[in-house]
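# Tertiary structure, described
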Amino acid sequence: IKMKILLKLAALGVASILASCSQQLDLEQNFEIAKSGNQYVVLGSVNNKVFQKSTRADEAIQYAIDALGEKGGEVSISKGDFNLSKPINLKDRVILSGSGRATRLIVEKGIGIKCDSIYGFEVSKLSVTSDGNKEATIGIEVNACGDAKIDNSFFGGFAKHGISVLNNTFLF
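Computed from a predicted structure; not experimentally measured.

Turning our attention to the sheet that holds strand β15 (residues 161-166). Spatially, β6-β9-β12-β15 is the arrangement adopted by the four strands of the open sheet, whose pairing is parallel. Each end of this open sheet is capped by a strand with a single partner; those strands are β6 (88-89) and β15. Both strand β9 (residues 110-116) and strand β12 (residues 136-143) contribute to a ladder of six bridges, which runs parallel. Directly across from I113, in β12, lies its bridge partner I140.

With that settled, the discussion passes to the pattern of salt bridges. Tallied over the full model, the rule gives six salt bridges. A salt bridge links R104 to D131; the shortest N-O distance between them is 3.6 Å. Here the residue R104 occupies a position in strand β8 (residues 103-107), and D131 occupies one in the loop between β11 (127-129) and β12, the gap between them amounting to 27 residues. For R104, a relative accessible area of 24% corresponds to the partly exposed category. Connected through shared salt-bridge partners, R56, D58 and E59 make up one network.

Spatially, the seven strands line up as an open sheet ordered β3-β2-β1-β4-β7-β10-β13, and their pairing is mixed. Edge positions in the sheet fall to β3 (50-54) and β13 (149-151), since each has one partner strand and no second. When the angles between neighbouring strand axes are averaged without regard to direction, this sheet yields 15 degrees. The pairing of strand β2 (residues 39-44) with β3 spans four bridges and is antiparallel. By the bridge assignment, Y40 is partnered in β3 with S54. In this fold helix α3 (residues 57-67) packs onto β1 (31-36), β2, β3, β4 (73-77) and β7 (94-97), with an angle of close to 155 degrees to the strand it touches most, β3.

Analysis parameters
Every chain begins its residue count from 1, and numbering advances along the sequence as written. Where totals are concerned, whole chains, interfaces and linings use all residues; where local detail is concerned, this predicted model gives features only for residues with pLDDT of at least 70, and gives and counts side-chain atom pairs only at 80 or more. Where side-chain values are given, they derive from all heavy atoms of the structure, hydrogens and water being excluded. Two strands pair under a simple rule: DSSP has to find at least two bridges between them. Under the scheme used here, helices are H or I runs from DSSP no shorter than 4 residues and strands are E runs no shorter than 2 residues, and both carry numbers assigned from the N terminus. In what follows, salt bridge is the name for a side-chain nitrogen of Lys or Arg lying within 4 Å of a carboxyl oxygen of Asp or Glu. For every residue, the accessible area (1.4 Å probe, protein chains only) is compared with the maximum for its type, and the residue is labelled buried under 20%, exposed over 50%, or partly exposed between those bounds. Axis geometry follows a simple rule: fit a line to the C-alpha atoms, using only the stretch in contact for helices, then measure angles between N-to-C directions, giving values from 0 to 180 degrees. Contacts between residues were defined by any pair of non-hydrogen atoms, one from each residue, lying within 4.5 Å.

The structure is reproduced here in structure tokens:
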């Protein structure tokens, strides 16, 4: 009986509709950021679905971090130059990673990455630089955070500090 029903549904084209619906389900996934021409694209790492396009790198990166939700996850930034006109605000249990010095986050002014009272984050394989801009003051500011890791990254050229650690932060 089950086989007859499946055959009838397949004949009606319902099977392709069901398959299409199952592909549209929301997946829990990490995100990748890539530059394409003058746009920054946020891609799902499981299905390569485009979640957002923006002309601003900071906007695309922040979208991906926020889209991870409270469980956290990883945002991987491809190689290239990514100008930050606003700070990236990390969240609990988020890994922000790149392709070593081939991934350059260029801070235009103020602070590049802010970590404020969060837990379990990691920043790795990134080059965060002012690129000679005197208005860029701090590469990453870590304030009152725990179980945090900054690994294999370069921070340089800032007016004040590459890495600023404040208020009982625990880094390993």
